[in-house]
Amino acid sequence: MAKVFASLELILDTTKCPTKNKEGVVMASSRVHTYSSILERVCALVHLECGCEVRNKLPPVAALKLRSVDLQSPRNNKEHHTQEMGLKRLIVRRGQSFVLQLHFNRSFHFGKDYLTFVAETGPAPMELLGTRATFSLTQARKGNVWSASDFTTDTNSLLVSFFTPASAVIGPYTLKIEISQGQGHSVAHPVGTFILLFNPWNAEDEVYLPSEILLQEYIMMDYGFVYKGHERFITAWPWNYGQFEEDIIDICFEILDKSLYFLENPSKDYSQRNDPVYVCRVVSAMINSNDDNGVLQGNWGEDYSRGVSPLEWNGSVAILRQWSARGKQPVKFGQCWVFAAVMCTVMRCLGVPTRVVSNFRSAHNMDGNLTIDTYFDQNAEMLPIQKRDKIWNFHVWNECWMIRKDLPPGYNGWQVLDPTPQQTSNGLFCCGPASVKAVREGEVHLPYDTPFVYAEVNADEVIWLFRNGQAQEILVHNTSSIGKEISTKMVGSDQRQNITGSYKYPEGSPEERSVFMKASRKMLSPRRASSPFLDLLGSRGSQDQPAQLQLHLAKTPEWGHDLMLKLHARRVPDRVHPRGPIRLVVRFSAQALLHQGDTREPLWRQTVHLDLDFGEEIQWPLLLPYENYRNKLTDEKLIRVSGIAKVEDTGRSLLVLKDISLEPPHLSIEVSKRAEVGKALRVHITLTNTLTVALSNCMMVLEGSGLIDGQIYNNIGTLVAGHTIQIQLDLYPIKTGPRQLQVLISSNEIKEIKGYKDIFVAASRAS
């Protein structure tokens, strides 16, 4: 026993030098471990010398139990650019670390206590599908994988850094922790939930956009403009995207969960939600309701009595909330700009850089022959289009920014996605993503739906004179009339940006015609033998004409007023009449022009006889009275004036066209002072009825994320012709930063009197 006591004395001396960390602080856990090891060594000595069995009487360490969790949502959300969605729940972006604080019943001992985390998303999570991840706590992160590492301890708490790979499935996740001591039984505890989004700030993510200025515009900006009207009368239509309203993110995932892909195979659908190409196609199909209970039902007629006119929407939030609240039934009604604006909201919310793009004179080429045929009779009336091919006054789609791993190198960047239901793609009404670069280069064989998009901006227009039941004469073969003024909102500005050059080479340039021929041969090759189209491409359309005709507006066209035009006619030499006089009979017709390129019955006709000597120019005034069009236009207030001039000696015909967009009364919005969160902000709205008739049943709707929770409605009543109405009201801004107030006044006579006001909201100053 003497040896035992001598050894014991030596062992106890070692406890006089407790373990210290780098800062010289005694590590309590090290002291506990020291005493435990001493006791083990003493017991071993006693057993060796005297054969006695000595039991370890040190009380066992209590099992580690999770008491509470702090998700650190305010800190994490701010670092992940999701603070605008709220600070109460955790919303993070993939490929970027976030921290959680775990509180236990005792201090955590690394190496003795073992923590394993499990993250799951979807209805049947599986690691093989990428919808379940299991990972243990480690001292340092290793690679682009799920991990929990870089932890620090403080009394009974543990601050852990979590990392999700940049290729992770997006969506709502549950996180749980499994705790064990050594090889013993593990106990599971729920940690909490979080939402994982795409991360365009991360270079490893397929939606990475390497510009903070562009990210602020295409992810963080919650308002913008949709461009409508006509190529010569482009109107900026303000829109509230509202992607950061607190419930919108949940509705976005509800949209994914209602898609036909999910309903057919939920596990497979979830496993593909790491791919922005897949997610974009699903959203494109779900924004319309042609195949499913998508968000919006289209209506291109003129009866909106069962819903809301597409012109009366101010933003996406009301539409998405209505769809969610009413049992996921399609909202009535939408047209192209509504579909595209709502998709912009969803994609920005999910973390994909997105913008809204308008294409003026957009071809709807269903047969893929790259020509759109239009027919006029000899009285200058545009005839109803029997074919599905049409030229829309404008069409609106989206561009989403992403890497295209499914395409050859060189086609990353902006991709066209079009949620307006026009034709099916792989069996569903969706369109894209089609690389904008592929469209420009005529690479129409690349997926998805590139031939359709190419035709929208590049098809040729052929206008025919229809007589005796058939098309008899080509009036115009125009190679540059389609795909005009392709527009989007300029970055950091309220101005319009013309991006036509990103879709095609300059009209008429050798590059543009070369690309057109390449695309047309690819699109027409299966039926080349039966198509005369390629032969037509080399022609110049109609032959030289003895006169040039143009229609001009004599003054700004305003709805409710007579329209003043001038026909400008100039005699030029041709082969038949090199220098002599000619006589023209010009028949004019005016028709209401519908958004999809159709027209109504003529609302005005006039015939003019002109005698033109060589070199002579004539300006002939034309008057289209208000009473002729007063009750005969669509809500968009567009008129097409057409003229067909017949040369009496030869019987040949000339065509002249003028599309007119009528200006509605203008709205004025002013604010009285500096805007602050929670403080009353007086808004002054002024409208003068410049028409010659009263505006009846006027309704005003105000909307603006960060300024108004939802919408504000105000029934104005009737506004007499020539009178001015002034409205004052107080708003109480909710969020700081740049905001936009949108105001819409609709009436029985005009559906779209719209205005906006940019407002910067400052943080509230202490009283």
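Residues numbered from 1 in each chain as written. Predicted model: local features only at pLDDT ≥ 70, side-chain atom pairs only at ≥ 80, totals over all residues. Heavy atoms only, no water.

A. The overall build of the protein, seen in detail. Within the protein one finds 16 helices and 37 strands. For the protein, buried positions account for 53% of its 767 residues. Summed over all atoms, the accessible surface of the protein reaches about 33200 Å², with 50% contributed by carbon and sulfur. (Helix = DSSP H or I, 4+ residues; strand = E, 2+ residues; numbered from the N terminus. Buried < 20%, exposed > 50% of the residue type's maximum accessible area, 1.4 Å probe, protein only. Areas by Shrake-Rupley, 256 points an atom, 1.4 Å probe, with all protein chains shown as cover.)

B. The arrangement of the sheet that holds strand 30 (residues 667–671) in detail. The sheet built from three strands is open, its strands ordered 30-32-35 with antiparallel pairing. Each edge of the open sheet carries a strand with a single partner, namely strand 30 and strand 35 (724–731). Each strand axis lies, on average, 20° off the axis of its neighbour in the sheet, ignoring direction. In this structure, strand 30 lies alongside strand 32 (residues 681–688), joined through five bridges in antiparallel fashion. Across the sheet, Ile-669 pairs through a bridge with Ile-685, a residue of strand 32. (Pairing = 2+ DSSP bridges. Axes fitted to C-alpha atoms, helices over the stretch in contact; angles between N-to-C directions.)

C. Broad picture of the packing of helix 5 (residues 248–257) against helix 10 (residues 336–350). Remark: helix 5 packs on helix 10, axes separated minimally by 10 Å, with the N-to-C direction vectors making an angle of 105°. One finds that helix 5 runs roughly perpendicular with respect to helix 10. Two secondary-structure elements touch here, helix 5 through Ile-248, Ile-249, Cys-252, Phe-253 and Ile-255 and helix 10 through Thr-345, Val-346, Cys-349 and Leu-350. Grouping the amino acids of the contact of helix 5 with helix 10 by side-chain chemistry returns eight nonpolar, one polar and no charged. (Parallel < 35°, antiparallel > 145°, perpendicular 65-115°, else oblique. Contact = heavy atoms within 4.5 Å. Nonpolar A, V, L, I, M, F, W, Y, C, P; charged D, E, K, R; others polar.)

D. Layout of the packing of aromatic side chains. Counted under the stated rule, the structure contains 25 aromatic pairs. The interplanar angle of 80° and the centroid separation of 5.9 Å between the aromatic rings of Tyr-375 and Phe-466 together place this pair among those described as edge-to-face. Of the two residues, Tyr-375 is situated in strand 15 (residues 371–376) and Phe-466 in strand 19 (residues 460–467); the sequence distance between them amounts to 91 residues. Seen from their ring centres, Tyr-626 and Tyr-629 are 5.2 Å apart, and the 80° between their planes marks the pair as edge-to-face. Here Tyr-629 and Tyr-626 lie together in helix 16 (residues 626–629), a separation of three residues that amounts to about one turn. The pair formed by Tyr-626 and Tyr-629 is uniform in burial state, with each residue classed as buried. An aromatic cluster of at least three residues, connected via ring pairs, comprises Phe-98, Phe-117, Phe-135, Trp-146, Phe-162, Tyr-173 and Phe-194. One residue, Arg-141, lies across the ring of Phe-163, its end atom 3.8 Å from the ring centre. The lysine or arginine in question, Arg-440, covers the ring of Tyr-505, its NZ or CZ lying 3.9 Å from the ring centre. (Phe/Tyr/Trp six-rings, centres within 6.5 Å; stacked < 30°, edge-to-face > 60°. Lys NZ or Arg CZ within 6 Å of the ring centre and 35° of its normal.)

E. Highlighting the confidence of the model for the protein. With 89% of its residues at a pLDDT of at least 70, the protein reaches an overall mean of 89. Low pLDDT (under 50) marks residues 4–39, which in the prediction has 29 contacts with non-local residues, meaning those over four places away or in another chain. Scored below 50 in pLDDT, residues 536–542 makes 12 contacts in the model with residues more than four places away or belonging to other chains. (pLDDT = per-residue confidence, 0-100.)

F. Looking closely at the state of the cysteines. Counted by the stated rule, this structure contains zero disulfides. No disulfide involves Cys-400; its sulfur sits 4.1 Å from the nearest other cysteine sulfur, which is in Cys-280. Judged by relative accessible area, Cys-400 falls into the buried class, the value being 0%. Cys-431 takes part in no disulfide bond, and the closest cysteine sulfur to it belongs to Cys-430, at a distance of 7.5 Å. Accessibility expressed as a relative area gives 5% for Cys-431, which makes it buried. (Disulfide = S-S within 2.5 Å.)

G. Seen up close, the pairing of strand 9 (residues 187–197). With four bridges connecting them, strand 2 (residues 90–93) and strand 9 associate as parallel partners. Counterpart to Arg-93 in the pairing with strand 9 is Leu-197. Sheet analysis places strand 8 (residues 171–181) next to strand 9, joined by nine bridges and oriented antiparallel. Bridge pairing in strand 9 places Leu-175 opposite Gly-192.

H. Representation of the nonpolar core in the model. Among the nonpolar cores identified, the biggest contains 89 residues, and Trp-239, Trp-337 and Tyr-503 are the most heavily contacted of them. No other element matches the 13 residues that helix 10 contributes to this core. Once residues lying within four places of it in the same chain are set aside, the contact partners of Tyr-503 are Val-357, Trp-397, Glu-399, Val-416, Val-436, Val-439, Arg-440, Val-457, Asn-458 and Ile-486. Counting 60 residues, the second-largest nonpolar core is a separate cluster that includes Leu-549, Val-656, Val-683 and Leu-702. (Core = buried A, V, L, I, M, F, W, Y, C linked by side-chain atoms within 4.5 Å.)

I. Quick peek at the pairing of strand 11 (residues 233–240). Examined bridge by bridge, strand 10 (residues 223–230) and strand 11 share eight bridges and lie antiparallel to one another. Of the residues in strand 11, the one forming a bridge with His-230 is Phe-233. In this antiparallel pair of consecutive strands, strand 10 and strand 11, the connection spans two residues.

J. Quick peek at the side chain of Thr-164. Relative to the helices and strands, Thr-164 resides in the loop between strand 7 (157–163) and strand 8. Those residues in contact with Thr-164 that sit more than four places away from it in its chain are Arg-93, Arg-94, Gly-95, Gln-96, Phe-98, Asn-144, Trp-146 and Leu-196.

K. Examining unusual backbone geometry more closely. Going from Lys-332 to Phe-333, the amide bond is cis rather than trans, its omega being 10°. As for its position among the elements, Phe-333 is in strand 13 (residues 331–334). The residue after Pro-447, namely Tyr-448, is reached through a cis peptide bond having omega 0°. The residue Tyr-448 is located in the loop between helix 11 (436–441) and helix 12 (450–458) in this model. The backbone of Thr-155 shows a phi angle near 55°, a positive value even though the residue is not glycine. Note on placement: Thr-155 falls in the loop between strand 6 (147–154) and strand 7.

L. Representation of the sheet that holds strand 15 in the model. Spatially, 15-19-20 is the arrangement adopted by the three strands of the open sheet, whose pairing is mixed. At either end of the open sheet lies a strand with only one pairing partner, and these are strand 15 and strand 20 (470–478). In this sheet, adjacent strand axes meet at a mean angle of 30° when their direction is disregarded. Alignment of strand 19 against strand 20, held across seven bridges, turns out to be antiparallel. When the sheet's bridge partners are listed, Phe-466 is paired in strand 20 with Ala-471.

M. Spatial organisation of the side chain of Ser-746. Inspection of the secondary structure assignment puts Ser-746 in strand 36 (residues 737–746). Accessibility expressed as a relative area gives 9% for Ser-746, which makes it buried. In this structure Ser-746 touches Glu-312, Asn-697, Cys-698, Met-699 and Lys-751, once residues within four positions along its chain are discounted.

N. Inspection of the pattern of salt bridges at higher detail. Scanning the entire structure with this criterion turns up 40 salt bridges. For the salt bridge of Glu-441 with Arg-440, the shortest nitrogen-to-oxygen distance reads 3.8 Å. A residue is classified by how much of its surface remains accessible, and Glu-441, at 18% relative accessible area, is buried. What emerges from the salt-bridge pattern is a single network uniting Glu-84, Asp-222, Lys-735 and Arg-739. (Salt bridge = Lys/Arg side-chain N within 4 Å of Asp/Glu carboxyl O.)

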